[in-house]
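Each chain is listed here by its residues.
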Amino acid sequence: MNEEIVLVNDEGKPIGTAPKLAAHTANTPLHLAFSCYLFNKKGQFLLTQRALSKKVWPGVWTNSVCGHPAPNEDIKAAIRRRAQYELGLPDVKDLRPILENYRYKTPPYNGIIENEICPVFVGAVDSEPAPNPDEVEAYKWASWDEVDSLIAKDPEAYSYWFKDQLKQLHGLLDPIYSRVGR
């Protein structure tokens, strides 16, 4: 599949498109993405490990689902599409933005730099993931309170954007996570 990403200017306005895989290099142009944190009925957060075969950040643990909206695709629709494709989760609900203006640029990782305007969402699911092995190596559910201790044990095992987003999410998600999906 030859996916296209949406290139954006510093204000987040679309300025064109580019092939997803070809655009992710040491000089990745600024583009639109999303991150989503999914919770189950128990209030547990879904962490995913990226497939070892991924070009960008293979094998690292990260938030539930992240990706890129297609040209002219609504971000919530893109989240649901990727959750279905990557995790076999057809029931993502209660999607809401929590960091609407999140932007980051990673240090080089295997010669690739991520450079994204990446709104962050939370949502809920009722079903158990059935991961696509081309996308997800493994997954685990954890309480939101456990996340920092998991990362502290092996910080390099987690994606840059996940660790960076957590700095802002703890204050925002703490009062929300236990209500998501209930």
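See above for the structure.
Now for a quick tour of the structure. (Residues numbered from 1 in each chain as written. Predicted model: local features only at pLDDT ≥ 70, side-chain atom pairs only at ≥ 80, totals over all residues. Heavy atoms only, no water.)

**A few points about the nonpolar core**
Logical step 1: The biggest cluster of nonpolar side chains holds 29 residues, and the ones touching the most others in it are Y37, F45, L47, W144, Y158 and F162.
Logical step 2: With 4 residues, helix α4 (residues 160–173) is the largest single contributor of residues to this core.
Logical step 3: If we ignore the near neighbours within four places in the chain, the residues touching L47 are W61, T62, A138, Y139, K140, A142, L150, Y158 and F162.
Logical step 4: In terms of nonpolar packing, the next biggest core, distinct from the first, is built from 22 residues, L46, V65, I117 and V136 among them. (Core = buried A, V, L, I, M, F, W, Y, C linked by side-chain atoms within 4.5 Å. Buried < 20%, exposed > 50% of the residue type's maximum accessible area, 1.4 Å probe, protein only. Helix = DSSP H or I, 4+ residues; strand = E, 2+ residues; numbered from the N terminus. Contact = heavy atoms within 4.5 Å.)

**Details of the side chain of T62**
Logical step 1: Within the fold, T62 resides in strand β6 (residues 61–62).
Logical step 2: Accessibility expressed as a relative area gives 1% for T62, which makes it buried.
Logical step 3: Here the side chain of T62 touches S159 through a polar contact of 2.7 Å, side chain to side chain.
Logical step 4: What T62 contacts, discounting residues up to four positions off in sequence, is L47, T48, R50, S159, W161 and F162. (Polar contact = N/O pair within 3.5 Å; in protein donor to acceptor, adjacent residues only side chain to side chain.)

**Looking at the environment of S53**
Logical step 1: Here S53 shows up in the loop between β5 (44–50) and β6.
Logical step 2: Residue S53 is classed as exposed on the basis of its relative accessible area of 60%.
Logical step 3: The spacing of S53 and P131 is 78 residues in sequence and 14 Å in space, taken between C-alpha atoms.

**Points about unusual backbone geometry**
With the exception of glycine, the majority of residues adopt a negative phi angle, and the majority of peptide bonds are in the trans configuration.
Logical step 1: Unusually for a residue other than glycine, W57 sits at a positive phi of about 55°.
Logical step 2: Structurally, W57 can be placed in the loop between β5 and β6.
Logical step 3: Overall, W57 belongs to the buried group, its relative accessible area being 5%.
Logical step 4: Within the chain, N72 stands out as a residue other than glycine whose phi angle is a positive 65°.

**Quick notes on the packing of aromatic side chains**
The relative placement of two aromatic rings is captured by the distance of their centres and the angle of their planes.
Logical step 1: Under the counting rule described, the total for this entry stands at 13 aromatic pairs.
Logical step 2: Taken together, a centroid distance of 5.4 Å and an interplanar angle of 85° make the contact between F45 and W144 edge-to-face. On the criterion of sequence distance, the pair formed by F45 in strand β5 and W144 in the loop between β12 (136–143) and α3 (147–153) is long-range, its members being 99 residues apart. The exposure classification of F45 matches that of W144, with both residues buried.
Logical step 3: With a centroid separation of 6.0 Å and 25° between ring planes, the pair formed by F45 and F162 is classed as stacked. Pair noted here: F45 is in strand β5 and F162 is in helix α4, with a separation of 117 residues, a long-range link. Side by side, F45 and F162 carry an identical accessibility label, which is buried.
Logical step 4: Each member of the aromatic cluster is reached from another via a ring pair, and the members are Y37, F39, F45, W144, Y158 and F162.
Logical step 5: Cation over ring: K140 sits above W61, and NZ or CZ is 4.4 Å from the ring centre. (Phe/Tyr/Trp six-rings, centres within 6.5 Å; stacked < 30°, edge-to-face > 60°. Lys NZ or Arg CZ within 6 Å of the ring centre and 35° of its normal.)

**Topic: the pattern of salt bridges**
Logical step 1: By the definition in use, this model includes 10 salt bridges.
Logical step 2: Of the charged contacts in the structure, one is a salt bridge between K54 and E135, with a shortest N-O distance of 2.6 Å. Of this pair, K54 sits in the loop between β5 and β6 while E135 sits in the loop between β11 (120–124) and β12, and the two are 81 residues apart along the sequence. Residue K54 shares its accessibility class with E135, and that shared class is buried.
Logical step 3: Residue R81 pairs with E73 through a salt bridge whose shortest N-O separation is 2.8 Å.
Logical step 4: Its relative accessible area of 22% is what places E73 among the partly exposed residues.
Logical step 5: One continuous salt-bridge network, built from bridges that share partners, spans E3, K20, K54, R82, E86 and E135. (Salt bridge = Lys/Arg side-chain N within 4 Å of Asp/Glu carboxyl O.)

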